[in-house]
Amino acid sequence: MFDALVVNKDEDGKTSAAVTQLGLDDLPQGDVVVQVEYSTVNYKDGLCIGPGGGLVRNYPHVPGIDFAGTVESSDDDRYKPGDKVVLTGWRVGEAHWGGYAQKARVKADWLVPLPKGLDTRQAMAVGTAGFTAMLAVMALEDHGIKKGPVLVTGAAGGVGSVATAILANLGHQVAGVTGRPETADYLKSLGATQIVAREEINETVKRPLEGETWGGCVDAVGGAMLARVLGQMEYGASVAAVGLAGGAALPATVIPFLLRGVNLLGIDSVMQPYDNRVRAWSRIASDLPMDKLDAMVQPATLSDLPKLGADILNGQVKGRVVVDVN
Ligand code: NDP
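Residues numbered from 1 in each chain as written. Predicted model: local features only at pLDDT ≥ 70, side-chain atom pairs only at ≥ 80, totals over all residues.

### Things to note about the domain arrangement of the chain
Part 1 of the reasoning: According to the domain assignment, the chain contains domain 1 (2-114 + 293-324) and domain 2 (128-266).
Part 2 of the reasoning: One C-alpha centre belongs to domain 1, the other to domain 2, and the line joining them spans 29 Å.
Part 3 of the reasoning: Here the element with the most residues in the side of domain 1 that touches domain 2 is helix H9 (residues 290-296); it accounts for three residues.
Part 4 of the reasoning: For the side of domain 1 that touches domain 2, a count of residues per class yields five nonpolar, five polar and three charged. (Domains from an automatic or database assignment. Helix = DSSP H or I, 4+ residues; strand = E, 2+ residues; numbered from the N terminus. Nonpolar A, V, L, I, M, F, W, Y, C, P; charged D, E, K, R; others polar.)

Structure representation (structure tokens):
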């Protein structure tokens, strides 16, 4: 028997989450059983621990959209007992049972070998948020980062914190947008050189073009902020659209695309092809300073998750939560 955070739904449609004992036979089908060591808390986890946000198909459900651990048994030639692995995406923790359990059974296709230079705890300090931040930085690089500072929105959140640390370590000036002024010292410790108050940049776009300010942008917020940022990009610069913490609408004009050649790059971590996953994890191991990563981490256990799930939906989690499931 092993522990898992199980979410149940009652007849009135109300969900509740509690740590419960499960057996191997309870786990869904798959080729590889993993002894989970660490998981984490992402925005989507907040939805799946709570009412589901339309992501969870069936109850009872074990959330946790990412995990890292050791292979216990495998029916697939690519993995053998003792291998260290990491999993993000593929709708694990949403449509499939996820990482908030001491064991998980998944498809071998969904796993990535733990990259050299990272342990399982560090891999989950990075987690889906950090992995996605790396994908965003890689997309900006592929399109060319311009001279000006790179803007990171939702900077004190998970995606934003990791993006800030990676970009600064790569030698870019980083401007972090935050709604929490008290996180300024934290963001500077990650390498941000400029702090931009959320309200300064959060108004609906007034003029389609403003001064050419940012050489690139990792955007975790979307909505009115993204619309405004598009008009502030340098000629030919790119915005990597990662998240919607501030809203899914995009009240913008096409003028920045037409007159400034601005690129809006969509970033999806869930269905990302295997080779690019391996490339991103390897870049994380080489380009994210581990002391900066440590500074982002707050530790948690399975029983802390119901509260943390609510906190992340309220924008109250700073940096990255690492859940020790054992
Ligand atoms: P976090 O909650 O850790 O970070 C989001 C941050 O956005 C907050 O910390 C806050 O930063 C800021 N924020 C929150 N609410 C608002 C608001 N109303 N207006 C403006 N800013 C706001 O979440 P994650 O970093 O884990 O994820 C960020 C986003 O990226 C989410 O929308 C998530 O769903 C998405 N995502 C997408 C992925 C993909 O594959 N495309 C993968 C992973 C995440 P501050 O306090 O500094 O202002």
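### Examining the environment of Gln173
Part 1 of the reasoning: With respect to the helices and strands, the residue Gln173 is situated in the loop between helix H3 (158-169) and strand S9 (174-178).
Part 2 of the reasoning: The class for Gln173 is partly exposed, based on 17 C-beta atoms found within 10 Å.
Part 3 of the reasoning: Taking the C-alpha atoms as reference points, Gln173 and Gly148, separated by 25 residues in sequence, lie 7.4 Å from one another.
Part 4 of the reasoning: Sequence-distant contacts of Gln173, that is, excluding residues within four places in its chain, are made with Pro149, Val150 and Thr193. (Buried ≥ 20, exposed ≤ 12 C-beta atoms within 10 Å, placed from the backbone. Contact = placed C-beta atoms within 7 Å.)

### A closer look at the pairing of strand S10 (residues 194-197)
Part 1 of the reasoning: With four bridges joining them, S9 and S10 adopt parallel strand pairing. Within the sheet, the bridge partner assigned to Ala175 lies in S10 and is Gln194.
Part 2 of the reasoning: In terms of handedness, the path from S9 via helix H4 (residues 184-190) over to S10 forms a crossover that is right-handed. (Pairing = 2+ DSSP bridges. Right-handed = clockwise from strand over helix to strand, strands pointing away.)

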